[in-house]
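Descriptive structure summary
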Amino acid sequence: MFIQTESTPNPATLKFLPGQTVLEAGTADFPSAEAAEKSPLAARIFAVDGVTGVFFGNDFVTVTKSEAVAWDHIKPAILGAVMEHYQSGQPVMGADAQTASGHAEHSGEDSEIVNQIKALLDSRVRPAVAQDGGDITFHGFDRGVVYLHMQGACAGCPSSTLTLKMGIENLLRHYIPEVTEVRPVAV
């Protein structure tokens, strides 16, 4: 098994590509070791000292480290954990674990606008941020303001504010005049 790694715009996050499917559908975010108990793979990665977050996409695993450790010191252990997991035959997610489909539900008078927002996020934004090891999902829409949830490499990334304001906000405002602003939300 050959696992490739890619840097991301977030220096605290590294993208691991195991060369096979990680999740069939959706994403899974593990911001803590406690949350990782639902996934044998995430739990194994969190066993490495210095790991502070794990995120799964379709074909990648994004790992976030603390500032106190260097990638040179923990990358080999993470590679080993991923390889051991796939060789063990265990599932990536436990039987009771849920993957996220992405967007929050929204109904009401703005539902047509929200559907347009979600469609643009799915077609233009999410594929691009997945290449960087992250995900951005719809959280809410209120009086012209779109609230988005940042996950994986996007969470805590120094360039995420720029991505939100200059990229996503401009895109949504261009196609949907009712959108006036985009803000991140912590979940």
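Given the structure is predicted, the values throughout are model-derived calculations rather than measurements.

1. Let's talk about the sheet that holds strand β4 (residues 51-56)
In a beta sheet, neighbouring strands pair by backbone hydrogen bonds and run either parallel or antiparallel. With antiparallel pairing, 5 strands are arranged side by side in an open sheet as β1-β2-β5-β4-β3. Among the strands making up the open sheet, the edge pair consists of β1 (4-7) and β3 (28-30). Shown here is a sheet whose adjacent strand axes are inclined to one another by a mean of 20 degrees, direction ignored. Judged from the 3 bridges that link them, β3 and β4 form a sheet pairing that is antiparallel. Opposite D29, over in β4, you have F55 as the bridge partner.

2. Observations concerning the environment of E109
Position of E109 among the secondary structure elements: in the loop between α2 (71-88) and α3 (111-131). Under the relative-accessibility criterion, E109 is labelled exposed at 80%. As for E109 and F141, which are separated by 32 residues in sequence, their C-alpha atoms are 11 Å apart.

3. Considerations on the sheet that holds strand β6 (residues 134-142)
Pairing is mixed in the open sheet, where 3 strands are placed in the order β6-β7-β8. Each end of this open sheet is capped by a strand with a single partner; those strands are β6 and β8 (181-185). Across the sheet, the mean angle separating the axes of adjacent strands is 30 degrees when strand polarity is ignored. Direction of pairing for strand β7 (residues 145-152) relative to β8: parallel, over a ladder of 5 bridges. Pairing of V146 across the sheet is with V182, part of β8. Packing of α3 onto the sheet brings it into contact with β6 and β7, and relative to β6 it is tilted by some 160 degrees. Sheet contacts for helix α4 (residues 160-175): β6, β7 and β8; angle to β8, the most-contacted strand, approximately 140 degrees.

4. Quick look at the environment of T5
If you trace the backbone, T5 turns up in strand β1. The exposure class assigned to T5 is partly exposed, which follows from its relative accessible area of 28%. Taking C-alpha positions, T5 is 19 Å from F30, a pair spaced 25 residues apart along the chain. For T5, the residues in contact, after removing those within four places along its chain, are L14, K15, F16, K75 and L79. Polar contacts involving the side chain of T5 include one to the side chain of K75, which spans 3.2 Å.

About the thresholds
- Within every chain, residues take consecutive numbers counted from 1 along the sequence as written.
- Two thresholds apply to this predicted model, a pLDDT of at least 70 for residue-level local features and 80 or more for giving and counting side-chain atom pairs, whereas whole-chain, interface and lining totals are computed over all residues.
- Hydrogens are left out, water is left out, and the side-chain values use all remaining heavy atoms of the structure.
- Pairs of strands are assigned from DSSP output, requiring at least two bridges between the strands.
- Numbering of helices and strands starts at the N terminus; helices are DSSP runs of H or I of at least 4 residues and strands are runs of E of at least 2.
- Only the contacting stretch of a helix is used when fitting its axis, a line to C-alpha atoms as for every element, and angles between N-to-C directions run 0 to 180 degrees.
- Classification of residues uses two cut-offs on accessible area relative to the type maximum, computed with a 1.4 Å probe and protein chains only: under 20% is buried, over 50% is exposed, and between them is partly exposed.
- Residue contacts are counted whenever heavy atoms from the two residues lie within 4.5 Å of one another.
- By the criterion applied in these results, polar contacts are pairs of N or O atoms within 3.5 Å in which, for protein atoms, one can donate a hydrogen and the other can accept it, and in which residues neighboring in sequence qualify only through two side-chain atoms.

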